[in-house]
Structures are given as structure tokens and as C-alpha cells.
Amino acid sequence: MRGKAGVLNCVLGMSKPFDIELERLTGPVAYSEVQPVPDGQRGTFFLETFGCQMNDHDSEKVAGLLLSRGYQQVETPEAASMILYNTCSIREKAAQKVFSRLGEFREKQGEGKVIGVLGCVAQQEGEDIFKRAPWVSLVCGSASYSKLPEMLARLEAGNSRVTGLDTDTDETFETEVTRRDNPWRAYLTIIEGCDKACSYCVVPFTRGPERSRGSDLVLREVRQLAELGYSEVQLLGQTVNSYADPTARKMRFSELLLAVADVVGIRRVRFTTSHPSDFTHDIVEAIEREPKVCDHVHLPVQSGSTRVLRAMQRTYSREEYLEKIAMIRAAKRPIGITTDVIVGFPGETEAEFEETLSLLEEVQYDSMFSFKYSPRPNTPSLSMSDSISEEEKGQRLAVLQDKQREIQAAKHARLLGDCFEVLVSGKSRRENQWTGYTTSHRMINFTSQARELLGTYVQVRVTGATSNGLVGEHAV
Ligand code: SAM
Ligand code: SF4
């Protein structure tokens, strides 16, 4: 993976490998700390990530930590001496995937590889993982990542069962080195864990209580990122807008958005995921005031029925949610709104599901992630009766997605002829075809005769629209 000194050949997580200076990924200060152990001396690691952007970013930090200890990253489990799975347990299917991956090593136990389970499944299943897959030697939940260096030291000393499962922590995961996958957009976690208690959700259990990073640390990292050439940062948190600055500055979330936008070199600031109950007017004002703060809010509603929302313990009613939408829609510049919906929550009646459909009609979301309710261990809704059959959940999901496709097709058609600034993030194998995102996070595939556009900002005119996305041409 590492070619000439200080250069990584990055292939993981990207559609196409590219050479990039290690310093650009890790930061100039951090790079000096990559030196103590010669390259690859401690062995090689393979890291596969499941789940959300927060998991992706945790993996970037774990990879940075391993690189700084002298491990070398490889592309396949076969080539690795250490195999790590950073796992997701938000829905049952995601959790099952990990066990099927682990099962592949049953036959190969004698090969002397270190196998580790990180993240939410590790937290949820704990030491039971050793029973189900005795060839695993590391089980570490995300709330214990700050202790990973000690855990790695114990593995290196030959320990065959190392765990980090404490969630009772006020620490956030700080690393000197982060091996970022994307050379233009940097993820940055500002708040870990979750203090909400949605009745269907494993996150408070698997990721522990809310812990915010100090605004000084966040801003220092953003300045480093800007110096390295990143122009877009995405602030992350399960409830990113519940951010509570632990420093004496006590910056509000909206102030932090503006301060990040103010860093020289930063052109776009994104944030996700916002919780409706903590979504306040000052966030809209920050978007209105500062064009660098992207005009996109991801505001998961989960259901359009107040009765179901109460059962989900979502802390807002349909009407209160719609008030937040009205507040966002009244902004001085248009703001794209996206959402998450769960269908088939225990006891959800046909009429309540219809309320979700009518909410979609009313809000006109720009896009939506939708899921069938999946009963999860340690969640209050696990014991709720009146479960909806898988078949019924599937039917409701299909109806919901059809409705959203209709909405998106009509919205996209209205954009024909409009021009948008796009950060170019992908190059197709087909000649002259590129991909990028608008500030409101619409993906657009476009043509351009330019030779190199990756990482640049260009104007793109929309020439075609489907329910899935937009196509366009480089407007010069
Ligand atoms: N913190 C975010 C919020 O409050 O909306 C959500 C984070 S969660 C990782 C992402 C999405 O997964 C949720 O918005 C929800 O729609 C979905 N989800 C969570 N638990 C689920 C479950 N048990 N079954 C189905 N979908 C679930
Ligand atoms: Fe889960 Fe609710 Fe917290 Fe989101 S706000 S992570 S859905 S408990």
C-alpha cells in the first residue's frame, strides 16, 4: 500500500485507487509521529466498515492509529495479519453480516491472524462473541476507542482475548493521525454517543452517553484540514445539533458552524444528523448568513403519526415537527431537507402509516432513507406487542418509496436548466463523465471536456432529471 516514502496508494473505499501523500491524509504534525516503528514492522491490517458515516469516520481514526503504530494497511483479509470489522447493529441484517464474515475464519483458525470486532456489534454482544467465534481476539465498542492503543499493546504482547466494553465514559476518541478516505471532504465527529432514548434504537446502548468535543479541538482540526487542502468538512454526530461545548467558550452549535466556515480555505460546512427537538432557529440563521454553511438539513422524522412518535419516544409530535419544517422553509435561501422513516413499528396501523404518507406529501423531502422496523436487543420496543408481519412491512416500505420517488421526480424536473456549484468528487470510466454534489447535497452526473476536475468546484447546468438524480453539463 505504501509506495515511495510518505505516499499511500489508497484503494479502500474509493472507486479508483489514487496516490496521495501520507502527510496530506494525516496532517503535518501527526506525520512525524508516524515514524517510531518502521513501515509495516508490526504487521498488516485489513479493516472493513459497516454502517453509517460515523462508523466510516471511526474507521478512518482507527486506521490512522494503526498506521502510526507501524502497521501497514492492505486490501484483502488474506494479505493481513490483523483483520478488523467495524460493525453496525442498528438493524438485524447489518449485525448478521458481521457474524457471517467471522464464520469465514472458522476453517482458517490456525493461520495466526488477529481478528477483531469493533463498534456497535462488539458493544452489543460483548464477550459472547468469544463464545460464538473463539478465534476472535479483540472486542471493542466505540465508546472504548480512546483505549485502543493500550488494547493494541496487549495484543502485541501476545494476549489472545482483549476487550474494551465500557460505555460509562466522558471521553471522546482523539487521535493524532486520521487516515481519511476522501481527499476533499473530511468527516469530523463533534459529538459522540446519544442521550435520547428512542424506543427502537440501540445507539444509546452501543455508543454510550453524549460527549461533545471541545470547540478549540474541533477548530484546530478544521484549520489543519484546511491547510492540507480539504475544502469541505462534514460535522458528525448522532444528534449533531445537541452539541454542548465543554470548554469555557460554550459555543452554541450554530456558532460552531459559523466558526468552522470562517476558517481560511473552507468552502463548505455540512452537518448530520440533526434531531428535530434540538433544531433551533439560530441554525437556520447561520445557514442564511453564511453561504459556506450548506443549504441542507437531514431531519429524520421516523413517522408521520403522533401516536407512533410517542411510542417511539421521539420527543416531538407531528405538528411540532412540521413547525420545524416551516421554520426551515421560511429561510431566506432555499434549504434542502432529507429524512429517515421507519415503517412497521409495533402497533402501527394502516391509518397511521397513511399519516406518514401524507407527511411526505406535505414536506416534499429532497430525499429519504427508509427502513422496515427491526427489533433490536436492549431496546424498549423489543417487548412491545402487536408486531407487524414482515410481508406487511415490505408492502408499506414499497408504497412509501414509490411516493418519495414521485416527489423526487417532480422536484428534479423543476430544476431543469438551473445552474449549480458542484464539488467534483468522482470520475466515471466513461469518457468525459464526472460526478459531484451541490451544496444541498444533490448528486449530479455531468459531462465536461476538461482533463482534470477532481476536487474542484465547477458550475453545472441541469440538462436531465429522473427520480434518482440529475444529469448536467459543465457550464463554462
Ligand atoms: N440519530 C439519528 C436520529 O435521531 O434520527 C439516527 C441515527 S440511526 C444510526 C439512522 C436511522 O436508522 C434512524 O434514523 C432510523 O430511521 C433507523 N433505525 C434506527 N433503529 C432502527 C430499527 N430498530 N429498525 C429500523 N430502523 C432503525
Ligand atoms: Fe437513536 Fe434516537 Fe439517539 Fe438517533 S436520537 S441515535 S434514533 S436514540
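Not measured: the values here are computed from a predicted model.

Examining the overall build of the protein
Of regular secondary structure, the protein possesses 15 helices and 21 strands. Relative to its length of 476 residues, the protein is compact, with a C-alpha radius of gyration of 23 Å against a globular reference of 23 Å. Seen along its three principal axes, the alpha-carbon backbone of the protein occupies a region of about 60 × 60 × 50 Å. Classification of the 476 residues of the protein by burial places 58% in the buried group. Taking the contacts inside the protein whose residues are at least 6 apart along the sequence as the reference set, 72% of them involve residues at least 24 apart. Just so you have it, the protein exposes about 20300 Å², and 48% of that area is on carbon and sulfur atoms. Taking the 58 positively charged and 66 negatively charged side chains of the protein as two groups, their mean positions are separated by 3 Å.

Describing the packing of aromatic side chains
Evaluated as defined, the whole model comprises six aromatic pairs. Ring centres of phenylalanine 345 and tyrosine 373 lie 5.3 Å apart, and the angle between their planes is 75°; this geometry places the pair in the edge-to-face category. One end of the pair, phenylalanine 345, is in the loop between strand S15 (336–343) and helix H14 (350–363); the other, tyrosine 373, is in the loop between strand S16 (367–372) and helix H15 (390–413), with 28 residues separating them in the sequence. Of the two residues examined, phenylalanine 345 and tyrosine 373, each falls in the buried class. By the ring-pair criterion, three or more aromatic residues cluster together here, those being Tyr200, Phe345 and Tyr373. The ring centre of phenylalanine 99 lies 3.6 Å from the NZ or CZ of arginine 132, which sits over that ring. Here the basic side chain of arginine 267 rests over the ring of tyrosine 457, its NZ or CZ set 3.9 Å away from the ring centre.

Quick look at the pairing of strand S5 (residues 82–87)
Most of S5 sits inside the fold, with six of its six residues counted as buried. Here S5 shows two buried faces, one formed by Met82, Leu84 and Asn86 and the other by Ile83, Tyr85 and Thr87. In this sheet, S5 lies alongside strand S3 (residues 44–49) in parallel orientation, the contact comprising five bridges. Each bridged residue has a counterpart across the sheet, and for threonine 49 the counterpart in S5 is asparagine 86. Alignment of S5 against strand S6 (residues 114–119), held across six bridges, turns out to be parallel. Paired with leucine 84 across the strands is glycine 116, a residue of S6.

Brief notes about the pattern of salt bridges
Taken as a whole, this structure holds 28 salt bridges when the rule is applied. Between glutamate 352 and arginine 307 there is a salt bridge, and its shortest N-O distance comes to 2.8 Å. Remark: arginine 307 occurs in helix H12 (residues 306–311) and glutamate 352 occurs in helix H14; sequence separation between them is 45 residues. When the shortest N-O distance is used, the salt bridge between lysine 403 and glutamate 361 registers 2.4 Å. With lysine 403 in helix H15 and glutamate 361 in helix H14, this pair connects stretches of sequence that are 42 residues apart. A relative accessible area of 40% places glutamate 361 in the partly exposed class. Salt bridges here are not isolated pairs; linked through shared partners, they connect Arg185, Glu232, Arg267, Arg268, Arg270 and Glu421.

Overview of the site of ligand 1
Within the structure, ligand 1 sits among 16 residues, and Tyr200, Gln238, Gln302, Asp340 and Ser374 are positioned closest to it. Here an oxygen atom of ligand 1 sits 3.0 Å away from a polar atom, N or O, in the side chain of arginine 314. A distance of 2.6 Å is found between an oxygen atom of ligand 1 and a side-chain nitrogen or oxygen belonging to aspartate 340. Contact with the protein chains covers 91% of the free accessible surface of ligand 1, which is 560 Å². Of all the elements in the fold, those that place two or more residues in the shell around ligand 1 are S15 and S16. For the shell around ligand 1, a count of residues per class yields six nonpolar, five polar and five charged.

Some words on the pairing of strand S19 (residues 443–447)
The two faces of S19 differ: Ile444 and Phe446 on one face are buried, but Met443, Asn445 and Thr447 on the other face are not. The pairing of strand S18 (residues 433–437) with S19 spans five bridges and is antiparallel. Directly across from tyrosine 437, in S19, lies its bridge partner methionine 443. Turn length for the S18-S19 hairpin, with the two strands adjacent in sequence and antiparallel, is five residues, and the turn residue histidine 441 shows positive phi of about 65°.

What about the site of ligand 2?
Every residue near ligand 2 is listed here: Cys194, Lys196, Cys198, Tyr200, Cys201, Val203, Pro204, Gln238, Thr239, His275 and Arg314. Residue classes in the shell around ligand 2 are distributed as six nonpolar, three polar and two charged.

Regarding helix H10 (residues 253–261)
Buried residues dominate H10, accounting for eight of its nine residues. Every buried residue of H10 is listed here: Phe253, Ser254, Leu256, Leu257, Leu258, Ala259, Val260 and Ala261. The secondary structure elements touched by the buried residues of H10 are helix H9 (215–227), strand S12 (232–236), strand S13 (268–272) and helix H11 (281–289).

Structural notes on the sheet that holds S13
Pairing within the open sheet is parallel, and its three strands lie in the order S9-S12-S13. Every interior strand has two partners, whereas the edge strands, strand S9 (185–189) and S13, have only one. Ignoring strand direction, the axes of neighbouring strands in this sheet form an average angle of 20°. Note: S9 against S12, five bridges, orientation parallel. Counted as the bridge partner of arginine 185 is glutamate 232 from S12. Strands S9 and S12 of the sheet are contacted by H9, whose axis makes an angle of about 165° with S9. The sheet strands contacting H10 are S12 and S13, and the helix crosses S13 at an angle near 150°.

Calculation rules
- Residues numbered from 1 in each chain as written.
- Chains lettered and ligands numbered in written order.
- Predicted model: local features only at pLDDT ≥ 70, side-chain atom pairs only at ≥ 80, totals over all residues.
- Heavy atoms only, no water.
- Helix = DSSP H or I, 4+ residues; strand = E, 2+ residues; numbered from the N terminus.
- Rg over C-alpha atoms; globule rule 2.2 N^0.38 Å.
- Buried < 20%, exposed > 50% of the residue type's maximum accessible area, 1.4 Å probe, protein only.
- Contact = heavy atoms within 4.5 Å.
- Areas by Shrake-Rupley, 256 points an atom, 1.4 Å probe, with all protein chains shown as cover.
- Lys, Arg positive; Asp, Glu negative; His and termini not counted.
- Charge placed at Lys NZ, Arg CZ, Asp CG, Glu CD.
- Phe/Tyr/Trp six-rings, centres within 6.5 Å; stacked < 30°, edge-to-face > 60°.
- Lys NZ or Arg CZ within 6 Å of the ring centre and 35° of its normal.
- Pairing = 2+ DSSP bridges.
- Salt bridge = Lys/Arg side-chain N within 4 Å of Asp/Glu carboxyl O.
- Near = heavy atom within 4 Å.
- Polar contact = N/O pair within 3.5 Å; in protein donor to acceptor, adjacent residues only side chain to side chain.
- Nonpolar A, V, L, I, M, F, W, Y, C, P; charged D, E, K, R; others polar.
- Axes fitted to C-alpha atoms, helices over the stretch in contact; angles between N-to-C directions.

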